[in-house]
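# A structural walkthrough
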Amino acid sequence: MIKLHGLHFDEFISEDKLKQAIEEVANKINADYDGKEPLFLVVLNGAFKFATELLSRFNGNCEIEFLKLSSYDGTSSTGEVMTHIPIDADLEDREVIIIEDIVDSGNTIEKLTEMMVSGGVKNYRFASLFFKPEAYSKEYKIHYVGLEIPNDFIVGYGLDYNGLGRNLNAIYKLKTTKMTNLVLFGPPGAGKGTQASFLKEKYNLIHISTGDVFRYNIKNATELGMLAKSYMDKGQLVPDTVTIDMLSAEVDKNADANGFIFDGFPRTIAQAEALDALLSDKNTQVSAMIALEVDDEILVQRLLERGKTSGRKDDADETVIRKRIKVYYDETAILKGYYQKQDKYFGVDGVGEVTEITDRLSKTIDTL
């Protein structure tokens, strides 16, 4: 497994298998162009490794030209083919072999076909190392194909993810293991901490408490911890960007996890949007916001009882307790609406025995 820009990729096609596929393509081209002098047109940047191996196996004389096109941003196709380096050769009445790295939607093939027709070529053929039949939506023929592959995002052997991975000699596929990522909420006294402990064990999830993450970074004097402390020492709020960077680091530490329980974050719409962006960059998303629902009077009594044994002053003063509960509702009311719009909000009855509440939470999670 390799890691590029925070995403993980598993080896998919070995170097030996790639070389074998290129050999087979070269044999077909040699048979078709025996005694001819074709113009090989290499599409940059992705096809450079394929072209190097393929052209080294061509038996006759040939000319080689390059053009540069692009249609991808990150892991997604933009749908628009941009020309960065145009064709510099005279195409009229030439026999052209276009070397592509991969054919998926066919948008680039369509663009290249238009170039060949307008250039007045005698004939032209496409040679692509990879072909994704599930994604292909055009009617143009791909004459030489090294390997047909599923419609997955791949890197290596000339193919990149935001500039990285082209130099790899094997092909790697984006890891798409489904994660269960929960935003867990509950008012003071709802038993959120207890339930988080049970859920992380049952579903093999990583529990990320914002408070714990802050304390760890500050205690260990990490770069982010020192930055956060500099704001706290001035009595200022730590910027969301710092918090997100801390959470991102925690997610990266556990890239193979089945998912995460986010505890204490987000608290605002801006933070919720930042969390969505963070998880999207990791090729996953928030599965659900789960809120434990408990009547206010039950919460007050629970906290007062806890205050008798915990020694926490904020659990011993009813006025303080009610204020904390109000702050919770003020915060979660906005987030409830945010996640409801995505059909990701789930309220769960938090009254009863601990095992009963865990069962209710589990039933909700099992439907995700």
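As a reminder, the structure under discussion sits directly above these lines.
Structural notes, computed from the coordinates. (Residues numbered from 1 in each chain as written. Predicted model: local features only at pLDDT ≥ 70, side-chain atom pairs only at ≥ 80, totals over all residues. Heavy atoms only, no water.)

## A short note on the overall build of the chain
Each helix and strand counted, the chain has eleven helices and 15 strands in total. Taken over C-alpha atoms, the radius of gyration comes to 28 Å for the chain, far larger than the 21 Å a tight globule of 368 residues would show. In terms of its C-alpha atoms, the chain occupies a principal-axis envelope of roughly 95 × 45 × 35 Å. The buried share of the chain, reckoned over its 368 residues, is 45%. For the chain, restricting intrachain contacts to residue pairs at least 6 apart in sequence, the fraction spanning at least 24 positions comes to 70%. Surface summary for the chain: the accessible area is close to 18,700 Å², and the carbon and sulfur share equals 47%. Positive and negative charge centroids in the chain, built from 43 and 59 side chains respectively, lie 6 Å apart. (Helix = DSSP H or I, 4+ residues; strand = E, 2+ residues; numbered from the N terminus. Rg over C-alpha atoms; globule rule 2.2 N^0.38 Å. Buried < 20%, exposed > 50% of the residue type's maximum accessible area, 1.4 Å probe, protein only. Contact = heavy atoms within 4.5 Å. Areas by Shrake-Rupley, 256 points an atom, 1.4 Å probe, with all protein chains shown as cover. Lys, Arg positive; Asp, Glu negative; His and termini not counted. Charge placed at Lys NZ, Arg CZ, Asp CG, Glu CD.)

## Description of the nonpolar core
Counting residues in each nonpolar core, the largest one holds 30 residues, and the members touching the most others are Leu-18, Ile-29, Leu-54, Ile-99, Phe-130 and Ile-171. Sorting the residues of this core by element identifies helix 1 (15–32), strand 3 (39–44), helix 2 (48–56), strand 6 (95–103), strand 7 (123–131) and strand 8 (144–148) as the ones contributing at least two each. A per-element tally of this core places helix 1 first, with six residues. In contact with Ile-29, not counting residues within four places along its chain, are Phe-40, Leu-54, Phe-58, Ile-97, Ala-127 and Tyr-144. Judged by nonpolar contacts, the second largest core, of 29 residues, contains Phe-185, Val-251, Leu-278 and Val-286. (Core = buried A, V, L, I, M, F, W, Y, C linked by side-chain atoms within 4.5 Å.)

## Remarks on the packing of aromatic side chains
In this structure the tally under the stated criterion is ten aromatic pairs. Pairing Phe-40 with Phe-58 gives two aromatic rings, centres 5.1 Å apart and planes at 75°, and the pair type is edge-to-face. Here the residue Phe-40 occupies a position in strand 3, and Phe-58 occupies one in the loop between helix 2 and strand 4 (63–73), the gap between them amounting to 18 residues. With relative accessibility at 10%, the residue Phe-58 sits in the buried group. Both rings, one in Phe-131 and one in Tyr-136, keep their centres 5.3 Å apart while their planes meet at 70°; by these two values the pair is edge-to-face. Neither residue differs from the other here; Phe-131 and Tyr-136 are each classed as buried. Joined through ring pairs, the aromatic side chains of Phe-9, Phe-153 and Tyr-161 make up one cluster. The residue whose ring lies beneath Lys-49 is Tyr-157, and the NZ or CZ to ring-centre distance is 5.1 Å. (Phe/Tyr/Trp six-rings, centres within 6.5 Å; stacked < 30°, edge-to-face > 60°. Lys NZ or Arg CZ within 6 Å of the ring centre and 35° of its normal.)

## Digging into the pattern of salt bridges
Under the defined criterion, the tally for this structure stands at 23 salt bridges. With a shortest N-O distance of 3.0 Å, Arg-125 and Asp-32 are connected by a salt bridge. Placement of Arg-125 in strand 7 and of Asp-32 in helix 1 is noted, with a sequence separation of 93 residues between them. Because the salt bridges share partners, they merge into one network encompassing Lys-3, Asp-252 and Lys-282. (Salt bridge = Lys/Arg side-chain N within 4 Å of Asp/Glu carboxyl O.)

## Topic: unusual backbone geometry
For the bond running from Leu-44 to Asn-45, omega is 0°, close enough to zero to count as cis. Within the secondary structure, Asn-45 is located in the loop between strand 3 and helix 2. For the peptide bond that leads from Phe-265 to Pro-266, omega is 5°, which places it in the cis range. Considering the arrangement of structural elements, one finds Pro-266 in the loop between strand 13 (260–263) and helix 8 (269–281). Positive phi, close to 60°, is recorded for Asp-93, a residue that is not glycine. Relative to the helices and strands, Asp-93 is located in the loop between strand 5 (76–85) and strand 6. For Asp-93, a relative accessible area of 56% puts it in the exposed group.

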